[in-house]
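Next come the chains, spelled out residue by residue.
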Amino acid sequence: MQLRRSIRFSLTLWYALTLAVIMLVFSSFVYLTIRAGIYKQIDRELNKIAEALASPTMEPFRRAAPSVFDQVLEDFFGTKINGKYVQLLEADGTVAAASKNLNNQRFLLSRSTYRKAVAGESIHETGQVNGLPDMRIVTIPVFNDQKLVRVVQVGAPFGDELETLDKLLVIFGISIPLGILLLSGGGWFLAGQALRPVDLLTRTAQRITAENLSQRLEVLNPDDEIGRLAETFNSTLARLEASFIRTRRFFVDISHELRTPLTIIRGETEVGLKWAKEPDDFKEILQSNLDEVKRMSDIVESLLDLSRAEEGGVHLEMQEIELGEFLQALIHDLNQQQKHLEQESRVLLESVASAWIMGDMRRLRQVFLNLLNNAVSYSPEGSTVRVELVAEAGRARVSVVDRGTGIPAEDIDHIFERFYRVDQSRNRRDGGAGLGLSLVKSLTEAHGGKVYVESNVGLGSTFTVDLPAIPAPAECPFIAS
Ligand code: ADP
């Protein structure tokens, strides 16, 4: 398995990345919120002291000597001042007074802080003083007559709070990568579980070849995506198998169909060569051979027509045709032909409507001749074959009705297949190869129509060709009909 291209890997990677982003955003939010809360609380305490120190009433105390400054602060603020660092600056930035715990160090007063202080702003910042812990410092300016006279700075170390924050960082730093790693492992496992049926499908599909097309994939759950995929694959396989079987049968059928006339030709030629003496004997053999050759070329011709029609490659010379007249002419020819052959079956046109269609005259002749010849062939001598033409709802329906043998129910679904014959021996004698109806179907479909059959054994059959009709063309006043 190529790891980088596998769905399992991509799924897990995306899962881990999404998880990492969510965790980072979440942990940053938690960290920043807690830090803001801590700062807010310290700032509130520092503000109280700094604002008190900055009030005008404190002016005398602000001027207290450095030696008593701490005492003054303690007297004034009590325990609240414990642990706080205080520094008073002159307007020019020099230290006016500072609490002792500062150890003569200075709170840094950056240029920007000073500028802000001059502008009258109170500034809260986090800073460092040499040798002292990190602290939060508030800087408040004191004005007299709109003139900066003092700057009050009060600082408080973070103490435990910052430690808590640091711990939180450590916890996040360990738990996030660990969590991502564990959850990615879980994701990898779950993706593997979810994709296992796909692997199974792949392995089964790999085993299926042209030789064992009857195999099917196992459908574990027909309602999920993979189940549906397997079912779709199975139905594709079923269609493939059917088409393979058809092709195989086609080769068997065609070999069989061609072998019979070839055997006859061969046998008769051999017999003729050995025994025939008189010209009449040879003539008889040649005539018989010619019949077989004609039969073979009919089969080949029909097959060619059929495959062209099935591939959509049949060239139709479409023209407007009035079906009533067309059928009448066809039936007239057939009746004449039967009279000539002294056969008693008669094809009669019974109900004639007028219907116009677009069609290829030659191909439609092939369609109806096949149906009519079948109807005559499979009817007893002297019976009548009826042809009806009905035009309604934009369709033209031609039915060929016979009172012949009929078709058994188990065969009816197959008679349009190539080489299918209900009674093999009988049809062979009659000259049918079982290709006529397949051709009828393909040519009708090439005309945008369909053909169907109703039949009862012993009572007869009705084949109906249903074609799209067109409106009757308007008569042209300049051309005499
Ligand atoms: P064939 O050349 O054998 O007539 P077709 O494709 O035309 O081949 O017909 C297929 C089979 O359908 C025939 O062999 C026959 O058994 C059956 N069949 C077709 N038309 C009729 C019909 N009108 N009455 C009874 N059986 C029919």
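Conventions used here
Residues numbered from 1 in each chain as written. Predicted model: local features only at pLDDT ≥ 70, side-chain atom pairs only at ≥ 80, totals over all residues. Heavy atoms only, no water. Helix = DSSP H or I, 4+ residues; strand = E, 2+ residues; numbered from the N terminus. Buried < 20%, exposed > 50% of the residue type's maximum accessible area, 1.4 Å probe, protein only. Domains from an automatic or database assignment. Core = buried A, V, L, I, M, F, W, Y, C linked by side-chain atoms within 4.5 Å. Phe/Tyr/Trp six-rings, centres within 6.5 Å; stacked < 30°, edge-to-face > 60°. Lys NZ or Arg CZ within 6 Å of the ring centre and 35° of its normal. Pairing = 2+ DSSP bridges. Axes fitted to C-alpha atoms, helices over the stretch in contact; angles between N-to-C directions. Contact = heavy atoms within 4.5 Å. Left-handed = near helix turned anticlockwise from the far one by under 90°. Nonpolar A, V, L, I, M, F, W, Y, C, P; charged D, E, K, R; others polar.

Participant: Which parts of the structure should I look at to understand the environment of Arg35?
Facilitator: Position of Arg35 among the secondary structure elements: in helix H1 (residues 7–54). What makes Arg35 partly exposed here is its relative accessible area of 30%.

Participant: What should I look at first to understand the domain arrangement of the protein in this one?
Facilitator: Reports often express the size of an interface as the amount of accessible area lost when the parts come together. Assigned domains of the protein: these are domain 1 (3–163), domain 2 (225–310) and domain 3 (319–470). The gap between the C-alpha centroids of domain 1 and domain 3 is 104 Å.

Participant: How should I be thinking about the nonpolar core in this particular structure?
Facilitator: One recurring pattern in soluble globular proteins: nonpolar side chains tend to sit buried together. Within the largest apolar cluster, 47 residues are counted, with the highest numbers of intra-cluster contacts made by Leu323, Leu327, Val347, Phe368, Leu371, Leu372 and Phe463. Considering each element in turn, this core owes the most residues, seven residues, to helix H9 (residues 361–377). Core analysis: the next-biggest nonpolar cluster, separate from the first, contains 32 residues, Leu88, Ile140, Val152 and Ile176 among them.

Participant: Would you mind showing me how to read the packing of aromatic side chains here?
Facilitator: Pairs of aromatic rings are described using the distance from one ring centre to the other and the angle between the two planes. For the coordinates displayed, the defined rule picks out six aromatic pairs. Taken together, a centroid distance of 5.1 Å and an interplanar angle of 75° make the contact between Phe76 and Phe77 edge-to-face. Joined through ring pairs, the aromatic side chains of Phe250, Phe251 and Phe419 make up one cluster. When the ring centre of Tyr39 is taken as reference, the NZ or CZ atom of Arg136 above it lies at 4.2 Å. The positively charged end of Arg418 is found above the aromatic ring belonging to Phe250, 4.5 Å away from the centroid.

Participant: Could you clarify how one ought to interpret the sheet that holds strand E5 (residues 147–157) in this entry?
Facilitator: Strand pairing in a sheet is mediated by backbone hydrogen bonds. Such pairs are either parallel or antiparallel. Judged by pairing direction, the sheet is antiparallel, and its five strands sit side by side in the order E2-E1-E5-E4-E3 without closing on themselves. Edge strands, defined here as strands with exactly one partner in the open sheet, are strand E2 (95–98) and strand E3 (123–127). Ignoring strand direction, the axes of neighbouring strands in this sheet form an average angle of 20°. Note: E3 against strand E4 (residues 135–144), five bridges, orientation antiparallel. Looking at E4, one finds that His124 is bridged to Val138. Its contacts with the sheet place H1 against strand E1 (85–90), E3, E4 and E5, and it is angled at close to 30° to E4.

Participant: Teacher, can you tell me more about the packing of H9 against helix H12 (residues 436–446) here?
Facilitator: Helix packing for two helices is described by the angle between their axes and how far apart those axes are. At their nearest, the axes of H9 and H12 sit 9 Å apart, and the two run at 145° to each other. Handedness of the crossing formed by H9 with H12: left-handed. Of the residues in H12, those in contact with Arg363, Gln366, Val367, Asn370, Leu371 and Asn374 of H9 are Gly436, Leu437, Leu439, Val440, Leu443 and Thr444. Tallied by class, the residues present in the contact of H9 with H12 amount to six nonpolar, five polar and one charged.

Participant: Please clarify how the pairing of E1 should be interpreted in this entry.
Facilitator: Here is the key point about a regular strand: its side chains alternate between the two faces of the sheet. Taking burial as the measure, the six residues of E1 include five buried ones, the bulk of the element. Pairing of E1 with E5 involves six bridges; the strand directions are antiparallel. Among the inter-strand pairings, Gln87 is bridged to a residue of E5, identified as Gln153. Relative to E2, E1 runs antiparallel, the two sharing three bridges. Following the sheet pairing, Gln87 is matched in E2 by Ala98.

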